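Chain residues, written in single-letter form:
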Amino acid sequence: MSSTHAPAHRERTTTIPAIVVRVLFLGAVLAVAAFTVPLMIELKQWMWLTVMVLATVAIFVLYSTKRFVPGKYLFPGTFFLVVFLITPIILTIGYSFTNFGDGTRGTKEQAVDSIVANSVQQTEDSTWYNLAVATQGDPVEGPFTLFLVDPETGTVYRGDETAPVQEISADEVTVTSGFVTEAEGYTILDAREVNAAYDALQAFAVPISDTSAVRVQGANQAFEGTTMLSYDDATDTLTDSLTGDEFTVGKVGDTEYFVDADGKRAFSQSWLQSVGASNYERLFTDAGIAKQFGAAFVWTLVFALGSVLLTFVVGFALALVLNDERMRGRRLYRSVLLMPYAVPGFISLLVWSNFYNRDFGLINETLGLNLDWMGDPTLAKAAVLLTNLWMGFPYMFIVSTGALQAIPNDVTEAARMDGASRLQTTLKVVTPLLMVAVAPLLVASFAFNFNNFNAIQLLTEGGPFLPGEYTRGGTDILISMIYRIAFGGSGADFGFASAVSVALFALTGVLAAIQFRFTNVLEDVN
Amino acid sequence: MQIRRQSFLALSGVAAGTALLAACGGGDETGGGGASDAGGASDAGGAEEGAAPARADADLVIWTDEEKAVSLEEPAAAWGEANGLTVAVQIVADDLQGNFVTANQAGNGPDMILAAHDWIGNLVQNGSISPVQLPGNATEDIAPIGIEAVTYDGQTYGVPYAVETLVLFANKALTDAPEPKTVEEMVEAATAGGADNVLALPVGEQGDAYHMEAFYTSAGGYLFGKDSEGNLDPSDVGVGQEGSITAGEKLKELGESGVLSTSITGDNAISLFTDGKAAYLVSGPWALEDIRTAEIDYAMSAVPGFEGLDPAVPFAGVNAFYVAAGGKNPAFAQQFATAVASSPDIVEQMFPKNELPPVSLELQKKLAEDFPEIVKIAELAADGDPMPAIPEMAAIWQPLGQAQANIVGGADPESTMVSAGEEITGQISG
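Read on for a plain summary of the structure. (Residues numbered from 1 in each chain as written. Chains lettered and ligands numbered in written order. Predicted model: local features only at pLDDT ≥ 70, side-chain atom pairs only at ≥ 80, totals over all residues. Heavy atoms only, no water.)

**Concerning the overall build of chain A**
Broken down by element type, chain A carries 19 helices and 15 strands. Over its C-alpha trace chain A gives a radius of gyration of 35 Å, far above what one expects of a compact globule, namely 24 Å for 526 residues. For the C-alpha atoms alone, the extent of chain A along its principal axes is close to 115 × 85 × 50 Å. Residues counted as buried form 42% of the 526 residues belonging to chain A. Pairs at least 24 residues apart make up 59% of the contacts formed inside chain A by residues separated by at least 6 positions. As displayed, chain A has an accessible area near 27,500 Å², and 63% of this comes from carbon and sulfur atoms. Positive and negative side-chain charges of chain A, numbering 30 and 50 respectively, have mean locations separated by a distance of 26 Å. (Helix = DSSP H or I, 4+ residues; strand = E, 2+ residues; numbered from the N terminus. Rg over C-alpha atoms; globule rule 2.2 N^0.38 Å. Buried < 20%, exposed > 50% of the residue type's maximum accessible area, 1.4 Å probe, protein only. Contact = heavy atoms within 4.5 Å. Areas by Shrake-Rupley, 256 points an atom, 1.4 Å probe, with all protein chains shown as cover. Lys, Arg positive; Asp, Glu negative; His and termini not counted. Charge placed at Lys NZ, Arg CZ, Asp CG, Glu CD.)

What follows is the structure, encoded as structure tokens:
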């Protein structure tokens, strides 16, 4: 009886510190939510707002009572999985169906605003005025009046959007060091107020003649200029006021732009649009890409497998040697062997890439060779593997040393007693036992090298490229080739890059599945 | 037991809250990446993501790279004080352009940036910068190359303040021709002088179209043609045309005679010259410090062209101030831009901490006595051609550089240049 009571009793116990911690925690969550929700509404981040609200509700439901114990443990992991893994994947897939990239980041309104604002031209021989912005109404809303002083002559002008610029007598205003500082019946805005009203003031033009107007630049300067382009919402056209040319929306490639009468792109500004599957079409129909994909895939496999095998063989061999108790100074050797691991990877890669220089590189100079390491595709492949061996063997050495030390001595002793030679003991007893611990790490190492962008990019940049070949270099693995396709040429094309990432994601998914099977097989054997 | 479990939950909750906050901050990232840190055979260190700083709390926020930021900080602060404004200059060490475009789009970017002029095309197509009108007196003081560089599609988008170009440095100990007029004269003099290498001009395995531009243009190569209004026309690509093939033939000759070599890269070109192993060096003002430190007796002149062909026209790069289109305080940014344009004072104050050749003619005169080399580079830049700012330029660099490197390495000039031209045209229309 008492044995069944005891746990039940303990579960009901609620200590005071526990309550305090719970209240503090939930309070903190609420505070974070209260702080971020208005912020996200302001920034129009609806997706993150939903995530935030759902997460807050979930935290309160799960942690405010004693129920849902499994949920309490599952929640943090699930939350991070969703926020950091699943959301980016969904976003990437979403972007892969758009034209998101340079020139197409914003909305159509932003593009139109930018085109129109950029068309303001200073008139030739424009006078530059010292400007004071004044108002008879509200300093934020206006209506605004401009007081201008021509710094050369000292003449004072006044004008607003309805009344054109006209000279006024200097008695009506107070002018201090070239600027109007007081005017009867007006409030003069200070620099901060001008800045606050600047959006309105940039569109503000005080007519001088039919074609030109005084425009504001900065808080205290004005010039004469014209806006060449105007946008008509109803017909969705831009009109050039000087030439009368009209620009309408038309498609160039898979993206809409403002185009001229011949259908030629007139402005580089465009906006975020859905382009359907055209990014995928481009990926799978581009002759250069399709042709090079297979070759890059094969070399990627060779590179990843080769790196794993080479580093493991070398690391394991060294671990075996340094695990022998007859060896003196093992600690010293071990620490020296870890050196490559201690140098930051990107530094060693850059240093190594200089070692391979044909005329001035360390390798050719010390060995008296004249090998074109970085210019010959085969040699470059060897150089990449060699460097990756140097970078990676310490890791395998550490892992193998650890695993070796975990193998009990009596197993090897027993093998020796049964008449096995040292070599047989190592190969048939130690190695299989070691593989139990190390095999999953080899698989992980393969997966890492499969996408080892840094090793390729920093060492060879994918090169050497044969004459006439621009898509794939001799040492390009998939990821470095795809990086060049997505970002190398025409600036940032995130839509296309996303499509490429999705394709790569699918490919690595298949490979990961194969790897898992492989790992399972190993575990079954042992 | 109870407390421990609760505190664990509390901790994870706090972490979750923080994570959420962080997630909101970067709401518009594309994701992708997600590098596995499985620590495999070659854990090549974490690639450092150069994140943009959070916008500083000041009336005028300026983003730029470290060297420019250091030089701008004090003059900008002094200007702010005089105008009753606070100014913050923030360093964006990595990918200033990308970070600026993204931050500007999200509405939390700076009011102003300092950057090279060849970004203008991309910044305009992204709607990231506003035009800046230059006052009349400014256009008189600024060298024409500066104005030309910041003019894009007939509009001025920045206030230029510094210009740089590639020049030819000669090691007087290794050559009798410190200012050769032609490539042929240069090769002959260096060969007679007995230097290990005639010329240190970075080529590398991937090529370097920027450093090669002078030779390329001398042989008649061009990048983009111009339309009737004088704007660059991306549908007329010069790579693969006749002039580029002539350039290719010249490069092949130079490659065969060892004057150009793919083993000379951006990493070793300057040191070859400062170590006294190369008689000549093609580089920019950034090499001056190393050359002075090495105490080389050097001369500086324009990069020569080929005998009997066109003069060499290297790229000129102009640094300028731009007003962000989405900044919080555009009025202050425009005000500062106008102030920089109206008088060379601010740029003069920036000079001691970052010695860039100025575009202001007045400032060039002032500095001529104490900094003759810097002013000479500014003058040589006047004969250069501003690097094309149109976004299509991004499609040029890799294929053209690659083709040049392959030709230096011995590939056939005609077919290689033609294939590069096809690749570029394909990328532009794709």
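**Observations regarding the overall build of chain B**
Counting its regular elements, chain B contains 17 helices and 15 strands. Taking all 430 residues of chain B together, 59% fall into the buried category. For chain B, contacts bridging at least 24 residues in sequence account for 77% of all contacts bridging at least 6. Accessible surface, chain B as shown: approximately 16,400 Å² in total, 49% of it carbon and sulfur.

**Observations concerning the side chain of Thr262 of chain B**
In this structure, Thr262 of chain B sits in the loop between helix H9 (242–256) and helix H10 (269–274). With near-sequence residues (within four places) excluded, Thr262 of chain B lies in contact with Arg358 of chain A together with Val203, Gly204, Glu205, Ala405 and Val408 of chain B.

**Re the layout of surface pockets**
One number sums up the size of the second largest pocket: a volume of about 1,200 Å³. Taken together, 45 residues line the second largest pocket, and the ones lying closest to its centre are Asp113, Ala117 and Gln202 of chain A together with Ser130 and Ala325 of chain B. If one sorts the elements of the lining of the second largest pocket by residue count, helix H5 (residues 108–118) of chain A sits on top with eight residues. (1 Å grid on protein atoms, 1.4 Å probe; cavity = no way out; pocket = protein on both sides within 12 Å on 5 of 7 lines; lining within 4 Å. Points joined across faces, edges and corners; volume = space filled by probe spheres on them.)

**Description of the side chain of Thr64 of chain B**
Residue and element names in this part refer to chain B. Mapped onto the fold, Thr64 is located in strand S1 (residues 60–64). Only 3.1 Å separates the side chain of Thr64 from the backbone oxygen of Leu114, close enough to count as a polar contact. Aside from chain neighbours lying at most four places away, what touches Thr64 is Ala69, Val89, Gln90, Ile91, Val92, Leu96 and Leu114. (Polar contact = N/O pair within 3.5 Å; in protein donor to acceptor, adjacent residues only side chain to side chain.)

**Side note on the packing of aromatic side chains**
All names here are of chain A. Using the criterion set out here, one finds 35 aromatic pairs over all chains in the structure. Ring geometry for Phe97 against Tyr280: centres 5.3 Å apart, planes inclined by 45°, an arrangement best described as tilted. With Phe97 in the loop between helix H4 (69–95) and H5 and Tyr280 in helix H8 (residues 278–285), this pair connects stretches of sequence that are 183 residues apart. Among the residues examined, Phe97 registers a relative accessible area of 36% and is labelled partly exposed. Positioned over the ring face of Tyr257 is Arg265, at 4.9 Å from the centre of the ring. (Phe/Tyr/Trp six-rings, centres within 6.5 Å; stacked < 30°, edge-to-face > 60°. Lys NZ or Arg CZ within 6 Å of the ring centre and 35° of its normal.)

**Some remarks on empty space enclosed by the protein**
Residues and elements named next belong to chain B. Applying the stated rule across the entire model yields four cavities of 30 Å³ or more. Reported here for the largest cavity is a volume of approximately 90 Å³. Lining the largest cavity we find 14 residues, and of these Ile142, Pro160, Val340, Val347 and Ser360 sit closest to its centre. Broken down by secondary-structure element, the contributors of at least two residues to the lining of the largest cavity are strand S7 (159–165) and helix H12 (330–342). Among the elements that take part in the lining of the largest cavity, S7 stands out by supplying three residues, more than any other. Here the residues of the lining of the largest cavity sort into eleven nonpolar, two polar and one charged. (Nonpolar A, V, L, I, M, F, W, Y, C, P; charged D, E, K, R; others polar.)

**Re the sheet that holds strand S13 (residues 237–240) of chain A**
Note on sheets: strands pair through backbone hydrogen bonds, and any given pair is parallel or antiparallel. Residue and element names in this part refer to chain A. With respect to topology, four strands assemble into an open sheet ordered S12-S13-S14-S15, the strand pairing being antiparallel. With one partner strand each, in any of the chains shown, strand S12 (229–232) and strand S15 (255–259) form the two edges of the open sheet. Strand after strand, the sheet turns through a mean of 30° between neighbouring axes, direction not considered. Pairing geometry for S12 and S13, over four bridges, is antiparallel. Along S13, the bridge assignment pairs Leu229 with Asp240. The strands that H5 touches are S12, S13, strand S14 (246–252) and S15; relative to S12, the one it contacts most, it runs at about 150°. (Pairing = 2+ DSSP bridges. Axes fitted to C-alpha atoms, helices over the stretch in contact; angles between N-to-C directions.)

**Things to note about the sheet that holds strand S13 (residues 298–301) of chain B**
Residue and element names in this part refer to chain B. The strand order across the open sheet built from four strands is S9-S12-S8-S13, with neighbouring strands paired in mixed fashion. The open sheet has two free edges, formed respectively by strand S9 (197–200) and S13, since each of these has just one partner strand. Here the average twist between neighbouring strands, direction ignored, is 20°. In this sheet, S13 lies alongside strand S8 (residues 167–171) in antiparallel orientation, the contact comprising four bridges. Bridging from a neighbouring strand, Ala170 pairs with Ala299 of S13. Running over the sheet, helix H7 (residues 183–193) touches S8, S9 and strand S12 (278–283) and is turned about 130° from S9.

**Regarding the nonpolar core**
Residues and elements named next belong to chain B. One finds Ile120, Leu199, Phe215, Val239, Leu260 and Tyr280 to be the most contacted residues of the largest nonpolar core, which totals 76 residues. If one sorts the elements of this core by residue count, helix H16 (residues 394–408) sits on top with seven residues. One finds Ile147, Ala269, Val318 and Ala341 within the second-largest nonpolar core, a separate group that totals 62 residues. (Core = buried A, V, L, I, M, F, W, Y, C linked by side-chain atoms within 4.5 Å.)

**Focus on the packing of helix H15 (residues 409–417) of chain A against helix H16 (residues 422–450) of chain A**
All names here are of chain A. Look at H15 against H16: their axes get within 10 Å of each other, and the N-to-C directions meet at 145°. In this structure, H15 crosses over H16, and the sense of that crossing is right-handed. Across the interface between the two elements, Val411, Thr412, Ala415 and Arg416 from H15 touch Arg422, Thr425, Val429, Val430 and Leu433 from H16. Among the residues forming the contact of H15 with H16, the class breakdown is five nonpolar, two polar and two charged. (Left-handed = near helix turned anticlockwise from the far one by under 90°.)

**Description of the environment of Ala512 of chain A**
Within the secondary structure, Ala512 of chain A sits in helix H19 (residues 494–525). Along the backbone, Ala512 of chain A and Phe84 of chain A are 428 residues apart, and their C-alpha atoms lie at a distance of 20 Å.

**Focus: the pairing of strand S3 (residues 112–116) of chain B**
Residues and elements named next belong to chain B. Most of S3 is tucked away: four of the five residues are buried. Note: S1 against S3, two bridges, orientation parallel. When the bridges of S3 are listed, Trp63 appears paired with Ile113. Pairing of S3 with strand S14 (residues 315–324) involves five bridges; the strand directions are antiparallel. Paired with Ile113 across the strands is Tyr322, a residue of S14.

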